[in-house]
Amino acid sequence: MPRVYCGEPLASGLALALPPGAARHVQVLRLQPGDPLTVFDGRGGEYEAQVEQMGRSEVRVRVGAHHGIEREAPVAVHLALGMPANERMDWLVEKATELGAASLQPLVAQRSVLRLAGERAQKKLAHWQAIAVAACEQCGRNRVPEIRPVRPLADWLAAQARPGLVLSLAAGSRALARAAPAGEVTLLSGPEGGLAPDEEQAAVGRGWTPVHLGPRILRSETAPLAALAVLTLTQGLE
């Protein structure tokens, strides 16, 4: 059954016009009055719904029963990453959402190729949030991960009150599977070329635990996804 995200609060019995993005989704699917769909507002669970009216620019639905279904990962992983360039960041946002990331923090590090600020950063942020919404509609998640504003790595790291895990190739780092915590964790991953030595040392000096994914060197868009799979999928299958 089609799934549509509606950012407005939903309630059983409510009749409403879908927001523009959700309306376009329904129109693309060529749904007709009377057709069923599932709607969710990101506040927990999902609702049965039915299309009541299809217009050129407006789609109206009637919201039905609520189902308290959650498909979140057993570990809330907040992913902080040096943004990869080109379309790799789009792909990473989509796949990280599917794998259960609780939030994503784009960072500008010393070796970052992609550097965003001002209006361009705001447009990219809105674009990435839309990608996360579409991924939730596809994969069944009822809570949309927040894509946070782009920040310089040093500033972001200095503001963190609680240390997490940092992906590292340095000798002495621990296997991620053995260091995986329960409940909630922040995972820091570098851009192309990895974190600079002083950036990694700054994290370790603040109590962050260096972890690795094995002997192979993974690309900047592959490493955080592999780590997410270890943290969210393996524990979810136990």
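In case you missed it, the structure is sitting above this.
Throughout, residues of each chain are indexed from 1 in the direction in which the sequence is written. Thresholds applied to this predicted model are a pLDDT of at least 70 for local features of residues and 80 or more for the giving and counting of side-chain atom pairs; totals over whole chains, interfaces and linings are not thresholded and use all residues. Computation of side-chain values covers all heavy atoms of the structure but excludes hydrogens and water.

(A) Local environment of the layout of surface pockets. Estimates place the volume of the largest pocket at around 460 Å³. Using a grid of 1 Å spacing that covers the protein atoms alone, one calls a set of points a cavity when a 1.4 Å probe fits there but cannot get out, and a pocket when the set is open and has protein on both sides within 12 Å along at least five of seven lines; lining residues are those with an atom within 4 Å of a point. As for the largest pocket, its lining consists of 25 residues, of which Leu167, Leu169, Gly194, Ile217 and Leu218 are closest to the centre. Secondary structure elements follow DSSP: runs of H or I no shorter than four residues count as helices, runs of E no shorter than two count as strands, and numbering proceeds from the N terminus. Contributions of two or more residues to the lining of the largest pocket are made by helix H6 (197–205) and strand E13 (209–212). Grid points are joined across faces, edges and corners, and a volume is the space filled by probe spheres set on the points. In this structure, the second largest pocket spans a volume of roughly 250 Å³. Lining the second largest pocket are 18 residues, with His78, Gln160, Arg162, Val185 and Thr186 sitting closest to its centre. Elements represented by at least two residues in the lining of the second largest pocket include exactly strand E6 (76–82), strand E7 (103–108) and strand E12 (184–189). Think of it as three bins: nonpolar holds Ala, Val, Leu, Ile, Met, Phe, Trp, Tyr, Cys and Pro, charged holds Asp, Glu, Lys and Arg, and polar takes everything else, Gly as well. Residues belonging to the lining of the second largest pocket are distributed by class as follows: eight nonpolar, six polar and four charged.

(B) Structural context of the pairing of E6. In terms of burial, E6 is largely enclosed, as six of its seven residues are buried. Of the pairings in the sheet, the one linking E6 to E12 comprises six bridges and is parallel in character. What sits directly across from Val77, in E12, is Val185. As paired strands, E6 and E7 are joined by five bridges and run parallel to one another. Considered in E7, the bridge of Gly82 is made with Leu107. A crossover links E6 with its parallel partner E7, the connecting element being helix H2 (residues 88–99), and its sense is right-handed. Each residue is assigned to one of three classes by its accessible area relative to the maximum for its type, calculated with a 1.4 Å probe on protein chains only: buried under 20%, partly exposed between the two thresholds, exposed over 50%. Pairs of strands are assigned from DSSP output, requiring at least two bridges between the strands. With the strands aimed away from the viewer, a crossover counts as right-handed if its path from the first strand over the helix to the second runs clockwise.

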